[in-house]
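Listed below are the residues making up each chain.
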Amino acid sequence: MKTVFPNYYPDFQCIAGACRHSCCIGWEIDIDEETCQCYQNIPGGFGDRLRENISRETIPHFILGEGERCPFLNRDNLCDIILELGENALCQICTDHPRFRNFYTDFTEVGLGLCCEAAAEIILKQTEPFSLIGMENFNLPEEEAMLFSLREHLFELVQNRTLPLLERIQNIQSQYLIAFPKKTNREWAELFLSLDRLEEKWGELLVGLSQKDTLPPMPKEWDIPMEQLLCYFLYRHLPGGLDDGKYRERILFSLLGVFMIAAICRLVCADGFTMENLVEIARMYSSEIEYSEENTAALLEWLKQ
Ligand code: SF4
């Protein structure tokens, strides 16, 4: 099966111990059956430790320790399974993360998920326009062909750098007859505060947003990172329309991601519009919203027009 991936995909490398928001903290990690079986057969003390730290209730998963840390994340924030048994001993989720996959008839698309700070930095620092490596004239079923031609056209509109980003977004709305909802900062904040939340900081930022009537404008040089962000959301989320037919909602969901990340950046810009702020806010938005099936589903429903 052929694989298609974004131009920046090969640049990814996990920063492991240097990661400030390790994916091994706060997430329940399910273990696939094959890996679970392999862990049953590991001899010695480390094998015992593995078996003691796996729950077999419902889907097998690691039992999180204090501070919701994976029990194999050591004090240096390195993975003891890799150190003891090598990378090949990781379960499928740990091997894949932060990569995501979308499957089609003749090929698979992979990408880097924005909830990982190393991936977010790569995506947001790209200056070359987003492009896909490995995309060719596949012989596609009608609905897949429709999806890719729609997405390709959206990428063209988003990446028309002769126009300011705001105008490109207006072009998307007028060409596809969709209207981005008009709300006050308080109303946006209330909507997001009504969703499930992971980090306290995210709630604090939303409360801060609800107290601001206006926000400073985004500097023009931020058009390119925001363009990359919009391409990321469209690349990742538009294909879900093959399952639920919600193409318009998914375009709006992509615009909403860019809008909210920009709004929170504008809120905290007293420290300056720094790339570091943008990466952190994009990472947080991604973990809170697009990595939560419930929150994504709630927003897609809310965005129904
Ligand atoms: S979040 Fe990303 S950089 Fe951090 S530990 Fe996980 S994969 Fe590595």
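Look a little higher up for the structure.
## A look at the pattern of salt bridges
Then comes step 1: Within this structure, the stated rule accounts for 15 salt bridges.
Then comes step 2: E227 serves as the salt-bridge partner of R161, at 2.8 Å between the closest nitrogen and oxygen. Highlighted residues: R161 in the loop between helix 6 (142-158) and helix 7 (165-175) and E227 in helix 10 (residues 223-237), separated in sequence by 66 residues.
Then comes step 3: We classify E227 as buried; its relative accessible area is 0%.
Then comes step 4: The salt bridge involving E301 is made with K246; its shortest N-O contact spans 3.8 Å.

## Re the site of the ligand
Then comes step 1: In the region of the ligand, the neighbouring residues are C14, I15, C19, H21, C23, H97, P98, C116 and A118.
Then comes step 2: Its residues assigned to classes, the shell around the ligand comprises seven nonpolar, two polar and no charged.

## Details of the packing of helix 9 (residues 200-210) against helix 13 (residues 275-290)
Then comes step 1: Following both chains from N to C, one finds helix 9 and helix 13 inclined at 100°, their axes separated by 10 Å at the closest point. Classified by the angle between their axes, helix 9 and helix 13 sit roughly perpendicular to one another. Contacts from K201, W202 and L205 of helix 9 reach helix 13 at M284, Y285 and E288.
Then comes step 2: Considered class by class, the residues forming the contact of helix 9 with helix 13 number four nonpolar, no polar and two charged.

## Overview of unusual backbone geometry
Then comes step 1: Here the residue pair H97 and P98 is connected by a cis peptide bond, since its omega of 10° sits within 30 degrees of zero.
Then comes step 2: By the element assignment, P98 lies in the loop between helix 4 (92-96) and strand 4 (99-103).
Then comes step 3: Its identity as a non-glycine residue notwithstanding, L177 has a phi of 50°, on the positive side.
Then comes step 4: Summarising the element assignment, L177 is placed in the loop between helix 7 and helix 8 (185-193).
Then comes step 5: Owing to a relative accessible area of 65%, L177 belongs among the exposed residues under this scheme.

## Section: the packing of aromatic side chains
Then comes step 1: For the structure shown, the criterion picks out 24 aromatic pairs.
Then comes step 2: Between Y104 and F148, the aromatic rings sit 4.9 Å apart at their centres with planes inclined by 75°, giving edge-to-face as the arrangement. Here Y104, found in the loop between strand 4 and strand 5 (107-112), pairs with F148, found in helix 6; they are 44 residues apart in sequence, far enough to count as distant.
Then comes step 3: Accessibility expressed as a relative area gives 9% for F148, which makes it buried.
Then comes step 4: Geometrically, the ring pair formed by W202 and Y285 is edge-to-face, given 6.0 Å between the ring centres and 80° between the ring planes. Pair noted here: W202 is in helix 9 and Y285 is in helix 13, with a separation of 83 residues, a long-range link.
Then comes step 5: Its relative accessible area of 1% is what places W202 among the buried residues.
Then comes step 6: Taking the relative accessible area as the measure of exposure, Y285 reaches 0% and is therefore buried.
Then comes step 7: These aromatic residues form a ring-pair network of at least three members: Y8, F100, F130, F155, F192, W202, Y232, F233, Y235 and Y285.

## Remarks on helix 5 (residues 117-125)
Then comes step 1: Extensive coverage of helix 5 is indicated by the burial of seven of its nine residues.
Then comes step 2: Buried within helix 5 we find E117, A118, A119, A120, I122, I123 and L124.
Then comes step 3: Taken together, the buried residues of helix 5 touch strand 5, helix 10 and helix 13.

## Points about the side chain of S55
Then comes step 1: By the element assignment, S55 lies in strand 2 (residues 54-55).
Then comes step 2: Accessibility expressed as a relative area gives 11% for S55, which makes it buried.
Then comes step 3: Here E57 takes part through its backbone nitrogen, which lies 3.2 Å from a polar atom of the side chain of S55.
Then comes step 4: In contact with S55, other than residues within four places in its own chain, are P60, H61 and I63.

Basis of the calculations
Residues numbered from 1 in each chain as written. Predicted model: local features only at pLDDT ≥ 70, side-chain atom pairs only at ≥ 80, totals over all residues. Heavy atoms only, no water. Salt bridge = Lys/Arg side-chain N within 4 Å of Asp/Glu carboxyl O. Helix = DSSP H or I, 4+ residues; strand = E, 2+ residues; numbered from the N terminus. Buried < 20%, exposed > 50% of the residue type's maximum accessible area, 1.4 Å probe, protein only. Near = heavy atom within 4 Å. Nonpolar A, V, L, I, M, F, W, Y, C, P; charged D, E, K, R; others polar. Axes fitted to C-alpha atoms, helices over the stretch in contact; angles between N-to-C directions. Parallel < 35°, antiparallel > 145°, perpendicular 65-115°, else oblique. Contact = heavy atoms within 4.5 Å. Phe/Tyr/Trp six-rings, centres within 6.5 Å; stacked < 30°, edge-to-face > 60°. Polar contact = N/O pair within 3.5 Å; in protein donor to acceptor, adjacent residues only side chain to side chain.

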